[in-house]
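So the chains spell out like this:
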Amino acid sequence: MKIQEIKFALARKKWRSQAGNFAEKKRFQLGLILDAEDEQAILPFLKLQDDLSLQKQQVCFVFCREKGFKNDIFEYPMISNADFSWNGRISEGASAFLNTQYEVLISFTAEENKLADFLVSVSLAQLKVGRKSNDENAIFDLNISAELSEAEVFVHELKKYLKNIKYSNLNE
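### Some details on unusual backbone geometry
Next, step 1: With a phi close to 55°, Ser53 is a non-glycine residue in the positive phi region.
Next, step 2: One can find Ser53 in the loop between α2 (42–51) and β2 (59–65).

See the structure below:
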């Protein structure tokens, strides 16, 4: 087992022992996990936010990055492997993302992104959407086939599903 996988296992165990049940929410929350390597991938998801008439505070973007970052000026939060320690502690930034209860959580990352898989697996979300073609661990409720370079195709297909899924407070 790799070192980072051990750290994720400890963090998952500690997180599950602390995580509570879904609380009653007043409005729709959408979470998005994106690859840090492609900063332009956010554009179709910003359009999705507009198409769904979601306000900025209803959408939480986070970029995953394997290695830590120094002096990066980036508009959206980033989570890296450095946010998880050996004793299962999770950094404040990663905890803020994981403490939010999402109605829909979207992971548009490379299939081999273990950090994104960890975030999805421990996140509090009613519907988890991703692009894994071979989801052995069944971390996603909905898999949409699209290449990482095809964010527009992914978003187009996602909108079809979201229209059919009845969320009571999506357009409030």
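Now that the structure is up, let's keep going.
### With respect to the environment of Ala138
Next, step 1: Assignment of secondary structure puts Ala138 in the loop between β5 (124–130) and β6 (142–143).
Next, step 2: In this structure, the C-alpha to C-alpha distance between Ala138 and Ser121, residues 17 residues apart in sequence, is 9.0 Å.

### Comments concerning the sheet that holds β6
Next, step 1: Ordered in space as β3-β2-β1-β4-β5-β6, the 6 strands form an open sheet in which the pairing is parallel. A strand with exactly one partner marks an edge of an open sheet, and here the two such strands are β3 (78–80) and β6.
Next, step 2: In this structure, strand β1 (residues 30–35) lies alongside strand β4 (residues 101–108), joined through 5 bridges in parallel fashion. By the bridge assignment, Ile33 is partnered in β4 with Ser107.
Next, step 3: Packing against the sheet, helix α3 (residues 92–99) makes contact with β1, β2, β3, β4 and β5, and its axis sits at approximately 115° to β4.
Next, step 4: Set on the sheet, helix α5 (residues 151–164) makes contact with β4, β5 and β6; between it and β4 the angle comes to about 150°.

### Observations regarding the packing of α2 against α5
Next, step 1: Where α2 meets α5, the axes come as close as 9 Å, and the angle between the chain directions of the two elements is 25°. The orientation of α2 relative to α5 falls into the category roughly parallel. Read as a crossing pair, α2 and α5 show a hand that is right-handed. For the pair α2 and α5, the contacting residues are Pro44, Phe45, Leu48 and Asp51 in the first and Ala151, Glu152, Phe154, Val155, Leu158 and Lys159 in the second.
Next, step 2: Across the contact of α2 with α5, the residue classes tally to 7 nonpolar, no polar and 3 charged.

### Regarding the packing of aromatic side chains
Next, step 1: Under the criterion given, the structure shown has 5 aromatic pairs.
Next, step 2: Note on Phe45 and Phe108: the rings are 5.5 Å apart at their centroids and 55° apart in plane angle, and the pair reads as tilted. Linking Phe45 in helix α2 with Phe108 in strand β4, this pair joins segments that are 63 residues apart in sequence.
Next, step 3: When the centroid spacing of 5.0 Å and the interplanar angle of 85° are considered together, the rings of Phe84 and Phe118 count as edge-to-face. Highlighted residues: Phe84 in the loop between β3 and α3 and Phe118 in helix α4 (residues 114–122), separated in sequence by 34 residues. There is no split in this pair, since Phe84 and Phe118 are both buried.
Next, step 4: Taken together, Phe45, Phe108 and Phe154 form an aromatic cluster joined through their ring pairs.
Next, step 5: Above the ring of Phe108, the side-chain terminus of Arg131 is found at 5.9 Å from the ring centroid.

### Focus: the pairing of β5
Next, step 1: With 6 of 7 residues buried, β5 lies mostly within the body of the structure.
Next, step 2: Here β4 pairs with β5 via 6 bridges, running parallel. The partner of Val104 across the bridge, within β5, is Leu127.
Next, step 3: Chirality of the crossover, the property in question, places the unit of β4, α4 and β5 among those that are right-handed.
Next, step 4: Judged from the 2 bridges that link them, β5 and β6 form a sheet pairing that is parallel. Its bridge partner being in β6, Gly130 is matched across the sheet by Asn143.

Cut-offs and rules
Residues numbered from 1 in each chain as written. Predicted model: local features only at pLDDT ≥ 70, side-chain atom pairs only at ≥ 80, totals over all residues. Heavy atoms only, no water. Helix = DSSP H or I, 4+ residues; strand = E, 2+ residues; numbered from the N terminus. Pairing = 2+ DSSP bridges. Contact = heavy atoms within 4.5 Å. Axes fitted to C-alpha atoms, helices over the stretch in contact; angles between N-to-C directions. Parallel < 35°, antiparallel > 145°, perpendicular 65-115°, else oblique. Left-handed = near helix turned anticlockwise from the far one by under 90°. Nonpolar A, V, L, I, M, F, W, Y, C, P; charged D, E, K, R; others polar. Phe/Tyr/Trp six-rings, centres within 6.5 Å; stacked < 30°, edge-to-face > 60°. Buried < 20%, exposed > 50% of the residue type's maximum accessible area, 1.4 Å probe, protein only. Lys NZ or Arg CZ within 6 Å of the ring centre and 35° of its normal. Right-handed = clockwise from strand over helix to strand, strands pointing away.

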